There are 2 protein chains.
Amino acid sequence: MQWTKVLGLGLGAAALLGLGIILGHFAIPKKANSPAPSDLDLEILETVMGQLDAHRIRENLRELSREPHLASSPRDEDLVQLLLQRWKDPESGLDSAEAFTYEVLLSFPSQEQPNVVDIVGPTGDIIHSCHRTEENVTGEQGGPDVVQPYAAYAPSGTPQGLLVYANRGTEEDFKELQTQGIKLEGTIALTRYGGVGRGAKAVNAAKHGVAGVLVYTDPADINDGLSLPNETFPNSWYLPPSGVERGSYYKYFGDPLTPYLPAIPSSFRLDPANVSGFPPIPTQPIVCSLGCPVNVSIYNRLELRNSSNVLGIIRGAMEPDRYVLYGNHRDSWVHGAVDPSSGTAVLLELSRVLGTLLKKGTWRPRRSIMFASWGAEEFGLIGSTEFTEEFFNKLQERTVAYINVDIAVFANATLRVQGTPPVQSVVFSATKEIRSPGPGDLSIYDNWIRYFNRSSPVYGLVPSLGSLGAGSDYAPFIHFLGISSMDIAYTYDRSKTSARIYPTYHTAFDTFDYVDKFLDPGFSSHQAVARTAGSIILRLSDSCFLPLKVSDYSETLRSFLQAAQQDLGALLEQHSISLGQPRVSKGSGPLQVRMLNDQLMLLERTFLNPRAFPEERYYSHVLWATRTGSVATFPGLSNACSRARDTASGSEAWAEVQRQLSIVVTALEGAAATLRPVEDL
Amino acid sequence: MQWTKVLGLGLGAAALLGLGIILGHFAIPKKANSPAPSDLDLEILETVMGQLDAHRIRENLRELSREPHLASSPRDEDLVQLLLQRWKDPESGLDSAEAFTYEVLLSFPSQEQPNVVDIVGPTGDIIHSCHRTEENVTGEQGGPDVVQPYAAYAPSGTPQGLLVYANRGTEEDFKELQTQGIKLEGTIALTRYGGVGRGAKAVNAAKHGVAGVLVYTDPADINDGLSLPNETFPNSWYLPPSGVERGSYYKYFGDPLTPYLPAIPSSFRLDPANVSGFPPIPTQPIVCSLGCPVNVSIYNRLELRNSSNVLGIIRGAMEPDRYVLYGNHRDSWVHGAVDPSSGTAVLLELSRVLGTLLKKGTWRPRRSIMFASWGAEEFGLIGSTEFTEEFFNKLQERTVAYINVDIAVFANATLRVQGTPPVQSVVFSATKEIRSPGPGDLSIYDNWIRYFNRSSPVYGLVPSLGSLGAGSDYAPFIHFLGISSMDIAYTYDRSKTSARIYPTYHTAFDTFDYVDKFLDPGFSSHQAVARTAGSIILRLSDSCFLPLKVSDYSETLRSFLQAAQQDLGALLEQHSISLGQPRVSKGSGPLQVRMLNDQLMLLERTFLNPRAFPEERYYSHVLWATRTGSVATFPGLSNACSRARDTASGSEAWAEVQRQLSIVVTALEGAAATLRPVEDL
């Protein structure tokens, strides 16, 4: 079947139905008409903004990053206690706090047999051994708690073979080598970070018979060409020559043994031998050295470990069954000053300021606020995923929005927000009112728009929000539960650096001094993030009408439809489905307010279809699932089209295109149905 | 692994967690303390009870069953118009009414080539042809609109073979024949209705190489031994000798071409050749004749047809976004006076009485009431299933309960209710206040308890509710959407008849006179059902606090756990998880009321797990999915255990037992979490 035919037929029919459901843009009832019983209090907002203290964030960070705190390590457990103590403090604590522990499958290098990569000379003798640890530059890179660089979940094994340079280890990279006539069977592939996910490098390599994979950080990708010892940390923010990025090489997220089930003692666990998603061959991150042949000896072990989430709750005064959820992970690879302690330092300062107002009796929000410190994120968003599995229905029915601040500050230049369309307006409202930490008298919003912007058909030039992938703990909330989510950070001026990410990412050089000296001296960017997040939390928890603008989904839908039209077939201009803001029949009494708010909160849920992508674990959001197809439209449609492109009409692949199209149409109709006057179908 | 080990481990661990979540039984706040702004009005209730008119129900039935109205037939379309006209009536109509049409795959006998079953003599000549139609006894069994008896969705084909009597066509029946050394390959199996589902007879037969299946109604199963013409209709309620039961032989429900998608024009449709769930071999219901060999000629055809649901809505005054949904199907096999017009006659009388109060301005319910007339139920609950697919999220988020009245009156003896535990108390409250139609001064409740009762550990002797299978349109609501549901009818005194079902079920003898003369002369049982349903609708839509008693789930859970314990392994007595009624923190303002009601409404949803039974289409309710295992406990667990019983420890079947156990535990924990104080996790 032809592209054009499929799409014309499908979207054409959709549009016919769509016409029936086009909604005008109804405004939220004027609040002036009937004063709401409780609404955002601007004085409280100002108080909170004023009390968020850069110095205290700095002290939080110092304490949090004092020692390495790998997931499930004793120091990680100490931090659980620190969080509980802070959140139970009689002066500045929350209403309640509790740790929730899961037993999950993690992966560590052996204590007895470190992973080894040796370069072998022509006579079989070892001519070079790769560093097993990073150089102890600041005194923090030594000691038993600094975990050796390793590829978490890579299998153990001792492959030996010729070294082959495979660029970034993409599918194309290996095909290119094959085209060049290079024999890959039994080799050790040397790849650099970037391009594809970590685990994908080993998956791609194994398909060509490669026996082992080494991964290194190319200084060109991270250090803007400056890699001499005197040009790098502790003399600058650049990565020292011995730095190696650790990371999880697991394909999915959540505990590998308990997909879709919480990792509680009673839950069924897969046999680790049958788990899918682990790298198929031994893999190890190293500092780059070229030469050949190579002996690789990997002794990683899988271990069941306890890992805890800590949850702290402020009870809502009027709608305690509506949750504004704010979280970050706690575990790091080594000291993790940037990743994730910068976020946790902000989290603790936010909870302190709000907790103090609470304990003084000055304030209690309309809705409940939940603070979360997630465990074992670095191994694959494990703590947050198990949490969503355990409390699936409750969270899905009651959560207003999820706010994630993981790495609070990558750099000092500008705010960067990823999120779904309904959160755009509340982020704009918050950032317009907060001063930017840089020079000049700009708001965070006005500074932000200089770095990330787009031309909106509705609003003109506005800051652009990125879309949410699966890079941090927001993933289970948006993809699995369909909760409107956002991720907030301060970040780079891209004209000043080409670093793939901040240079010491996942290395033993990500320390307090690194942040304090290079990333955010004075902690004003941390403070800016705290204020932004704080203002958003207050607006979501205290506003009478939820500040979620679901009609902002219309731009996304329009662009998805346009992409389908331009790049995938001949579609009629008028074939768009528009989503208006819902309207309240009359009045603004407490029940009318709640009805409208439920429509706003639940709109995101209408895009979930747990049967849409049976092969993609957890992904069920029809608009934001992973897109591998090149056309920037509905991901299921784009991916199905990309797979069907070279198959014959009537193939199963083309049937899947039609199925994906139906799923999109049904989701859009469902969304429109949710926004129609509530007494209609 | 041992039974005892698996269960001991799993439920033991569950119980440890369970202890942490045991909730006391908190009462709903006393209404006396603070009068609710709107509540069930007893005067309105009495008015409605008084106005539900047996004579009008009789007139409705006469009109509805005047002509055959097979799904998608012109007369079925006429009835769509009749419903729209009634529900839009200016004096007695509803706020709005609309038809929703789907294009679905139905199955009909060929007009040109009727299905034929011939008995062949020793010389190959036809010695007997089975009747193709029923005898025209009352003048209503003739005419072009009386569809020939057939097995809907059975494939066409002309198998010829020796006739083998296979009892009820169960798996065991065919195994027994095999044990007796009877060759089944290429035979025609003669089976009688009952024992297993219609389609299962053909599935079982085909596994043994049977070429065709005939199905007949055994007079012993339906007529209490009375089958002479003068002993049967129109002289009694018994089935005349020529009566043949029609029916759908499709395994699943919903439109066969669009599983999980609404059958709207844009939806992807499976290739009919790839549809699973149709009978594998030609099948035909007949009047029983024995002899051999037989030629069977089946010419059934699949056709895409339009079928409509009609929805009528009364807008709620205070909570228009909460729906009390009441429905029945409209389509019949022939005249369908009992099935389904007795239910539709009640539906129309209920909507008339409520509509009249509404139009007079006397009354408007607190919540919205939706009346539904479903299309194509007889072919596999198609209209209601497509409706739940189209409005999945909206209905799941907002529907308080679904009430089904299909066959309103099977017989005159007693009420019979099937439903999930939360609806028990509202059915009891309603039926205690309504006089039973029989002799004496009993309430419906007091009469009911004489026929169906059980000893409840909590309440003592009470009427017993049956559990909901998939016999009518409640199935997609309870199994797919997880909405608390019930099915209401008047039925037999089982001591007076052994009829499998009312004798003329799905035949051309199910006519108005049949009801008027034998089933319910005077229509007082119809009136009793109308009053019961009406009272339940009013209680659910008008009560301030929803009259759903979720704590009544505790008895079910206890019995499931006990069955697991007694029959499946050694479990500790104290290992029960109890579900209390939720509690409201304080006050009974509109928001507190709504919060409590949301907990009540959504409790049923917490038992849904769309990934629990991947092979069972639509079934996702962890407590009420189909149970084939013999132990009366959680169906997934029971079924998995039954499959694992004869396999070795460590088999995949035993892993599935553990997985099912985890699913149960997670669902129970989720349910408990939903009922805890709303600000807790």
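Here, residues in each chain are numbered from 1, in the same order as that chain's written sequence. Lettering for chains starts from A, numbering for ligands starts from 1, and both go in the order in which the items are written. Where totals are concerned, whole chains, interfaces and linings use all residues; where local detail is concerned, this predicted model gives features only for residues with pLDDT of at least 70, and gives and counts side-chain atom pairs only at 80 or more. Hydrogens and water are ignored here; the side-chain numbers use all heavy atoms of the structure.

By the naming in an unreviewed UniProt entry, chain A goes by Aminopeptidase NAALADL1 and is assigned to Macaca nemestrina. UniProt positions are given in the numbering used here, feature names are shortened, and annotations may be inferred rather than shown by experiment. Quoted verbatim from the Cofactor (unreviewed entry) field of the UniProt record, the comment on chain A reads "Zn(2+)".

Within chain A, the regular secondary structure consists of 19 helices and 19 strands. With C-alpha atoms as the basis for the radius of gyration, the globule rule is written as 2.2 Å multiplied by the number of residues raised to the power 0.38. Relative to its length of 681 residues, chain A is compact, with a C-alpha radius of gyration of 26 Å against a globular reference of 26 Å. Projected onto the principal axes, the alpha-carbon positions of chain A cover approximately 85 × 70 × 55 Å. The buried share of chain A, taken over its 681 residues, is 64%. In chain A, the proportion of contacts linking residues at least 24 apart, taken out of those at least 6 apart, comes to 80%. All accessible-area figures derive from a Shrake-Rupley calculation using a 1.4 Å probe, and residue coverage is judged against the displayed protein chains alone. For chain A, the exposed surface amounts to about 23700 Å²; the carbon and sulfur share of it is 51%. Only DSSP runs of H or I reaching four residues or more are called helices, and only runs of E reaching two or more are called strands; each is numbered from the N terminus. Throughout this description, buried means an accessible area under 20% of the type-specific maximum (1.4 Å probe, protein chains only), exposed means over 50%, and partly exposed covers the range between. Residues are treated as being in contact if the distance between any of their heavy atoms lies within 4.5 Å.

Bringing empty space enclosed by the protein into the picture now. Think of a 1 Å grid over just the protein atoms. A cavity is a set of points where a 1.4 Å probe fits yet cannot get out, a pocket is an open set with protein on both sides within 12 Å along at least five of seven lines, and lining residues have an atom within 4 Å of a point. Grid points are joined across faces, edges and corners, and a volume is the space filled by probe spheres set on the points. Throughout the structure, instances matching the rule amount to twelve cavities of 30 Å³ or more. What the largest cavity holds in volume is close to 640 Å³. Along the wall of the largest cavity there are 37 residues; nearest its centre are A:Asn393, A:Gln396, A:Arg605, B:Asn393 and B:Gln396. When residues are grouped by polarity, Ala, Val, Leu, Ile, Met, Phe, Trp, Tyr, Cys and Pro land in nonpolar, Asp, Glu, Lys and Arg in charged, and all others, Gly among them, in polar. A class-by-class count of the residues in the lining of the largest cavity yields 13 nonpolar, ten polar and 14 charged.

Moving on, we get to the packing of aromatic side chains. All names here are of chain A. Under the pairing criterion, centres of Phe, Tyr and Trp rings, with the six-membered ring standing for Trp, must be within 6.5 Å; the plane angle then separates stacked pairs below 30 degrees from edge-to-face pairs above 60, leaving the rest tilted. Counting across every chain of the model gives 81 aromatic pairs over all chains. Seen in terms of ring centroids, Phe 233 and Tyr 514 are 5.2 Å apart; in terms of plane orientation they differ by 75°. Their pairing is edge-to-face. Taken together, the positions of Phe 233 in the loop between α7 (219-222) and β9 (247-248) and Tyr 514 in helix α14 (residues 512-519) put the pair 281 residues apart, joining distant regions of the chain. Here Phe 233 matches Tyr 514 in class, with each residue buried. The rings of Phe 233, Trp 237, Tyr 238, Phe 410, Tyr 492, Tyr 502, Tyr 505, Phe 509, Tyr 514 and Phe 518 are connected pair by pair, giving a single aromatic cluster. The rule is short: NZ of Lys or CZ of Arg within 6 Å of the ring centre and within 35 degrees of the ring normal puts a charge over the ring. Above the face of the Tyr 252 ring, Arg 617 is positioned so that its terminal group lies 4.2 Å from the ring centre.

Moving on to the sheet that holds strand β10 (residues 283-286) of chain A. Residue and element names in this part refer to chain A. Here the rule is simple: two strands pair whenever DSSP picks up at least two bridges between them. If you walk across this open sheet you meet the four strands as β6-β7-β8-β10, and the pairing is parallel. In this open sheet, the two edge strands, each paired with only one partner strand, are β6 (163-165) and β10. Averaged over all neighbouring strand pairs, the angle between strand axes comes to 25°, with direction disregarded. Sheet analysis places strand β7 (residues 188-192) next to strand β8 (residues 212-216), joined by five bridges and oriented parallel. Among the inter-strand pairings, Ala 189 is bridged to a residue of β8, identified as Val 213. Only C-alpha atoms enter the line fits that serve as axes; for helices the fit covers just the stretch in contact. Angles between N-to-C directions range over 0 to 180 degrees. Sheet strands in contact with helix α6 (residues 198-207) are β7, β8 and β10, and its direction is about 145° off that of β8.

Now for the pairing of strand β14 (residues 367-374) of chain A. Residues and elements named next belong to chain A. A large share of β14 lies buried, amounting to eight of its eight residues. As paired elements, strand β12 (residues 301-314) and β14 share five bridges and run antiparallel to each other. Bridge pairing in β14 places Ile 313 opposite Met 370. Here strand β13 (residues 319-329) runs beside β14; their pairing, made up of eight bridges, is parallel. Of the residues in β14, the one forming a bridge with Tyr 326 is Phe 371. As for the winding sense of the linkage, the β-α-β connection from β13 through helix α8 (residues 337-360) to β14 is right-handed. A crossover gets the label right-handed when its path from the first strand over the helix to the second runs clockwise, viewed with the strands pointing away from the viewer.

The subject of this paragraph is the domain arrangement of chain A. Residues and elements named next belong to chain A. Source of the domain bounds: an automatic or database domain assignment. If you check the domain split of chain A, you get domain 1 (3-29 + 557-675), domain 2 (42-106 + 305-542) and domain 3 (110-299). The C-alpha centroid of domain 3 is placed 30 Å from the C-alpha centroid of domain 2. Each side of the interface is counted separately: domain 2 has 44 residues, and domain 3 has 49 residues. Roughly 3700 Å² of surface becomes buried between domain 2 and domain 3 when both sides are summed, with 64% attributable to carbon and sulfur atoms. Within this document, salt bridges are pairs made up of a side-chain nitrogen of Lys or Arg and a carboxyl oxygen of Asp or Glu, the two lying within 4 Å of each other. The residue Glu 245 makes a salt bridge to Arg 500 at a minimum N-O spacing of 3.0 Å. N or O atoms closer than or at 3.5 Å make up a polar contact, with two conditions inside protein: a donor-capable atom paired with an acceptor-capable one, and, for residues adjacent in sequence, both atoms drawn from side chains. Counting the contacts that link domain 2 with domain 3 gives 21 residue pairs in polar contact (both at pLDDT 80 or more). Here the buried area means the combined drop in accessible surface, using a 1.4 Å probe, for two parts upon being joined, counting both sides.

Residues and elements named next belong to chain A. Enumeration according to the criterion identifies 60 salt bridges over all chains in this entry. The residue Asp 321 makes a salt bridge to Arg 594 at a minimum N-O spacing of 2.7 Å. With Asp 321 in strand β13 and Arg 594 in helix α17 (residues 590-603), this pair connects stretches of sequence that are 273 residues apart. Arg 594 matches Asp 321 in its accessibility class, with the two residues each being buried.

The subject of this paragraph is the relation of the copies chain B and chain A. When chain B is fitted onto chain A, the two copies agree to an RMSD of 0.0 Å after a turn of 180° and an axial shift of 0.0 Å. The transformation just described matches what one would write down for a two-fold rotation axis. When you check the interface residues of chain B against chain A, 100% turn up at the interface there too, and the contact is symmetric in its surfaces. What sets the superposition is a least-squares fit of C-alpha atoms, and only residues with pLDDT of at least 70 in both copies go into it.

What follows concerns the side chain of B:Arg367. Residue and element names in this part refer to chain B. By the secondary structure assignment, Arg 367 is in strand β14 (residues 367-374). At a separation of 2.9 Å, a polar atom in the side chain of Arg 367 contacts the main-chain carbonyl oxygen of Leu 540. In contact with Arg 367, not counting residues within four places along its chain, are Ile 314, Gly 316, Glu 319, Arg 322, Val 400, Leu 540, Ser 541, Asp 542, Ser 543, Cys 544, Leu 546 and Asn 597.

The next subject is the nonpolar core. Nonpolar side chains in soluble globular proteins tend to be buried together. With 175 residues, the main nonpolar core has B:Tyr326, B:Phe371, B:Phe379, B:Phe387 and B:Tyr502 as its most contacted residues. It is helix α8 (residues 337-360) of chain B that contributes the most residues to this core, eleven residues altogether. Every residue in contact with B:Tyr502, bar those within four places of it in the chain, is listed here: B:Ile222, B:Trp237, B:Val338, B:Asp339, B:Ile407, B:Phe410, B:Tyr492, B:Asp510 and B:Tyr514. Counting 174 residues, the second largest nonpolar core, distinct from the first, contains A:Tyr402, A:Val593, A:Ala612 and A:Phe634. To define a nonpolar core, start from buried Ala, Val, Leu, Ile, Met, Phe, Trp, Tyr and Cys residues and group those joined through side-chain atoms within 4.5 Å.

A few words on the UniProt feature "domain: Peptidase M28" (unreviewed entry) in chain A. The residues that UniProt annotates with the feature "domain: Peptidase M28" (unreviewed entry) are residues 309-517 of chain A. As annotated, residues 309-517 of chain A has a helix share of 33% and a strand share of 25%, and its two end C-alpha atoms lie 31 Å apart.

It is worth spelling out helix α4 (residues 74-87) of chain A at this point. Residues and elements named next belong to chain A. One fewer than the residue count of a helix, multiplied by 1.5 Å, yields its expected span. Between its terminal C-alpha atoms α4 stretches 20 Å, which fits the 20 Å expected from 14 residues at 1.5 Å a residue. Restricting attention to buried positions, one finds in α4 the residues Arg 75, Asp 76, Leu 79, Val 80, Leu 82, Leu 83, Leu 84 and Trp 87. Looking at the buried residues of α4, the elements they touch are α3 (54-64), β1 (96-108), β12, α8 and β14.

Next up on the list: the packing of helix α2 (residues 42-51) of chain A against helix α15 (residues 524-542) of chain A. Residue and element names in this part refer to chain A. At their nearest, the axes of α2 and α15 sit 10 Å apart, and the two run at 155° to each other. Accordingly, the angle class assigned to the pair α2 and α15 is roughly antiparallel. Considering only the axes of α2 and α15, their crossing is right-handed. Listed contacts from α15 to Ile 44, Leu 45, Val 48 and Met 49 of α2 are Arg 531, Gly 534, Ser 535, Leu 538 and Arg 539. Broken down by class, the residue content of the contact of α2 with α15 amounts to five nonpolar, two polar and two charged. Our angle categories are set so that under 35 degrees counts as roughly parallel, over 145 as roughly antiparallel, 65 to 115 as roughly perpendicular, and the remainder as oblique. Helix crossings get a hand from a simple test, with the near helix turned counterclockwise from the far one by less than a right angle marking a left-handed crossing and a clockwise turn marking a right-handed one.

So, about the interface of chain B and chain A. Counting from both sides, the interface comprises 59 residues of chain B and, opposite them, 59 residues of chain A. At the junction of chain B with chain A, the criterion picks out four salt bridges. Here B:Arg594 makes a salt bridge to A:Asp598, at a shortest N to O gap of 3.2 Å. For the pair chain B and chain A, the number of links is 14 residue pairs in polar contact (both at pLDDT 80 or more). Sorting the residues of the side of chain B that touches chain A by element identifies α1 (3-21), β12 (301-314), β13 (319-329), β14, α9 (382-390), α10 (392-398), α17 (590-603) and α19 (652-675) of chain B as the ones contributing at least two each. It is α19(B) that provides the largest number of residues to the side of chain B that touches chain A, a total of nine residues.

In this section: unusual backbone geometry. All names here are of chain B. Backbone torsion omega between Phe 233 and Pro 234 reads 10°, so that peptide bond is classified as cis. Residue placement: Pro 234 occurs in the loop between α7 (219-222) and β9 (247-248). Put simply, Asp 339 and Pro 340 share a cis peptide bond, and its omega is 10°. You can see Pro 340 is positioned in helix α8. Despite not being glycine, Asn 167 has its phi angle at roughly 55°, a positive value.

In this section: the sheet that holds β12(B). Residues and elements named next belong to chain B. Spatial ordering of the open sheet is given by β1-β12-β14-β13-β15-β19-β16, a layout of seven strands whose pairing is mixed. Two strands close off the open sheet at either side, each with one partner strand: β1 (96-108) and β16 (414-419). This sheet shows a mean twist of 20° between the axes of neighbouring strands, independent of strand direction. Note: β13 against strand β15 (residues 399-404), five bridges, orientation parallel. For Tyr 326, the partnering residue across the bridge sits in β15 and is Ile 403. Where α8 meets the sheet, its contacts fall on β12, β13 and β14, and the angle it forms with β13 comes to roughly 150°.

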